[in-house]
Amino acid sequence: MREINILIDFYTNLGNTSKLVKYLKDKGFSPRQTSYDSIRLRLEYPLSQVDTSLLEKINAVLKTISETNNIWNTCCIEVWIEEENQREKIIPRVEKHGDLCIYIRPGSRGRIIRKLVWIAICSGIVKPPLPESTMRKCIESSRAQSELKTISETVEKFTSIYIHR
């Protein structure tokens, strides 16, 4: 089984944390407050062959981020795909797919983790392990509108690579 995981961390000013939690719950999400000024939202969706609703779900999440940009200061996004693996031994590596960089490493229970790397040039990566910061895309609320379109396109490309495998 393959699934796409999206982890979103919101960092807010004191007083806005509860507003954002309420808004996210009203939209049907299950946020978790991790400190007085941060909220974590973890989403998991099965990655099936022809699931067009998957991209609609991802875009709904990004739309929610856009709608709440006056409540949070910084938002960090991680995207990865987990799949079962019982055949091959995984050696951590970075693969280039078009203009995307993907970090592949073994996970727990024999799984393969394929993480989207948010840097522009793959050739600059020497060898794993990679710093976690390269796999987190952080945006400021003031730039959310311009950045979210690029994030949406990147996640769509990343997802489409593995939907058709």
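Residues numbered from 1 in each chain as written. Predicted model: local features only at pLDDT ≥ 70, side-chain atom pairs only at ≥ 80, totals over all residues. Heavy atoms only, no water.

Draft legend 1. The arrangement of the overall build of the chain in detail. What the chain contains, in helices and strands, is three helices and eight strands. For the chain, the α and β elements follow one another from N to C terminus as β-α-β-β-α-β-β-β-β-β-α. Along the three orthogonal principal directions, the C-alpha set of the chain runs to about 50 × 35 × 30 Å. Expressed as a percentage of its 165 residues, the buried residues of the chain come to 47%. A separation of at least 24 residues holds for 68% of the contacts in the chain among residues at least 6 apart in sequence. When the accessible area of the chain is evaluated, it comes to approximately 9100 Å², of which 51% is carbon and sulfur surface. Of the charged side chains in the chain, 26 are positive and 20 negative, and the gap between their average positions amounts to 2 Å. (Helix = DSSP H or I, 4+ residues; strand = E, 2+ residues; numbered from the N terminus. Buried < 20%, exposed > 50% of the residue type's maximum accessible area, 1.4 Å probe, protein only. Contact = heavy atoms within 4.5 Å. Areas by Shrake-Rupley, 256 points an atom, 1.4 Å probe, with all protein chains shown as cover. Lys, Arg positive; Asp, Glu negative; His and termini not counted. Charge placed at Lys NZ, Arg CZ, Asp CG, Glu CD.)

Draft legend 2. Seen up close, the environment of Leu130. Locating Leu130 in the fold gives a position in the loop between β7 (111–117) and β8 (137–140). In this structure Leu130 comes out as buried when scored by relative accessible area, which is 12%. A sequence separation of 13 residues divides Leu130 from Val117, and the C-alpha atoms of the two residues are 9.1 Å apart.

Draft legend 3. The side chain of Thr134, seen in detail. Locating Thr134 in the fold gives a position in the loop between β7 and β8. The exposure class of Thr134 is buried, given its relative accessible area of 16%. When neighbours within four sequence positions are excluded, Thr134 is seen to be in contact with Leu116, Val117, Trp118 and Ile119.

Draft legend 4. Quick peek at the state of the cysteines. Across all of its chains, the model carries one disulfide by this definition. Each sulfur in the disulfide pair Cys76 and Cys138 lies 2.0 Å from the other. Handedness of the Cys76-Cys138 disulfide follows from its S-S torsion of about 110°: it is right-handed. Here Cys138 lies in strand β8 and Cys76 lies in strand β4 (residues 72–84), a separation of 62 residues in the sequence. For Cys138, a relative accessible area of 40% translates into the label partly exposed. No disulfide involves Cys75; its sulfur sits 6.7 Å from that of Cys76, the nearest cysteine. (Disulfide = S-S within 2.5 Å.)

Draft legend 5. Broad picture of the pairing of strand β1 (residues 2–12). Most of β1 sits inside the fold, with 10 of its 11 residues counted as buried. Bridge count between β1 and strand β3 (residues 38–46): nine bridges; the pairing is antiparallel. If you follow Phe10 over to β3, its bridge partner there is Ile39. (Pairing = 2+ DSSP bridges.)

Draft legend 6. Focus on the packing of aromatic side chains. Using the criterion set out here, one finds one aromatic pair in the structure. Sitting over the ring of Trp80, Lys115 keeps its end group 5.2 Å from the ring centre. (Phe/Tyr/Trp six-rings, centres within 6.5 Å; stacked < 30°, edge-to-face > 60°. Lys NZ or Arg CZ within 6 Å of the ring centre and 35° of its normal.)

Draft legend 7. The arrangement of the pattern of salt bridges in detail. For the structure shown, the criterion picks out 17 salt bridges. Measuring nitrogen to oxygen at the nearest pair gives 3.0 Å for the salt bridge that ties Asp99 to Lys157. With Asp99 in the loop between β5 (93–97) and β6 (100–106) and Lys157 in helix α3 (residues 144–163), this pair connects stretches of sequence that are 58 residues apart. Residue Asp99 is classed as partly exposed on the basis of its relative accessible area, which comes to 47%. Between Arg143 and Glu147 there is a salt bridge, with its nearest N and O atoms 3.0 Å apart. For Arg143, a relative accessible area of 48% gives the class partly exposed. The class for Glu147 is buried, based on a relative accessible area of 13%. (Salt bridge = Lys/Arg side-chain N within 4 Å of Asp/Glu carboxyl O.)

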